[in-house]
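Observations on chain architecture
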Amino acid sequence: MDPRIHQLQHQPLQLPKTKKSPATQPKQSFQQVLNQQVQGLKLSKHAETRLQERNIHIQDKQWQDISSKVSEAKSKGVTDSLVITKDAALVVSTKNQTVITAMGRQEATSQIFTNINGTIVMED
């Protein structure tokens, strides 16, 4: 055999062992999960806090109406929308179906909304 050629030993490649931790999911109440499934819209933590702080209550039927209008706006190319209802004003990202923030209707009259490319006015 030629001295320049060395015979290699075949050894399987050993991958480092890693411990897989179970995926941790944020804790949500059953009602929150149910609401997200029913309404199609998600609430950011910020929006959820604002709704609670400002004592704004939106009924399930109204959430469904808002969700359908947001989907319609998304189909027309709207990415961020201001949704105005009788009692509240919501800033919604139509890209990911998430309510970003919320405020009472009276409070919204003195605000300037930026980075919005669509507005939905709800009659109910």
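Please refer to the structure higher up on the page.
Figured I'd write up the structure that's included with this text. Starting afresh in each chain, residues are numbered from 1 along the sequence in its written order. pLDDT decides what is reported in this predicted model: residues at 70 or higher carry local features, side-chain atom pairs at 80 or more are listed and counted, and totals for whole chains, interfaces and linings draw on all residues regardless. Only heavy atoms go into the side-chain values, all of them from the structure, while hydrogens and water stay out.

**Some points on the pattern of salt bridges**
Rules: Salt bridges, as used here, are contacts in which a Lys or Arg side-chain nitrogen is within 4 Å of a carboxyl oxygen on Asp or Glu. Each helix is a run of H or I in the DSSP string that is no shorter than four residues. Each strand is a run of E no shorter than two, and both are numbered from the N terminus. Any residue under 20% of the maximum accessible area for its type is buried, any over 50% is exposed, and the rest in between are partly exposed; the area is computed with a 1.4 Å probe on protein chains only.
Within this structure, the stated rule accounts for five salt bridges. R50 is the salt-bridge partner of E53, the closest N and O atoms lying 2.9 Å from each other. Separated by three residues within a single helix, E53 and R50 lie in helix α2 (residues 45–53), roughly one turn from each other. A relative accessible area of 53% means that E53 is categorised as exposed. Judged by relative accessible area, R50 falls into the partly exposed class, the value being 22%. In this structure, K69 engages E72 in a salt bridge whose closest nitrogen and oxygen atoms are separated by 3.7 Å. Residue K69 and its partner E72 are located together in helix α3 (residues 60–75), separated by three residues, close to a single helical turn. When salt bridges with common partners are traced through the structure, they connect K69, E72 and K76 into a single cluster.

**Looking at the sheet that holds strand β2 (residues 80–84)**
Selection criterion: Should DSSP find at least two bridges between two strands, the strands are regarded as paired. Two residues qualify as a contact provided that any one of their heavy atoms is within 4.5 Å of a heavy atom in the partner residue. Fitted lines through C-alpha atoms give the axes, limited to the stretch in contact for helices. The angle between two N-to-C directions lies from 0 to 180 degrees.
Read from one edge of the open sheet, five strands run β1-β4-β3-β2-β5, paired in mixed fashion. Two strands lie at the open edges of the sheet, namely β1 (42–43) and β5 (118–121), each paired on one side alone. Across six bridges, the pairing between strand β3 (residues 88–93) and strand β4 (residues 98–104) is antiparallel. Note on β4: the bridge partner recorded for A88 is G104. Those strands touched by α2 are β1 and β4, and its axis lies near 25° from that of β4.

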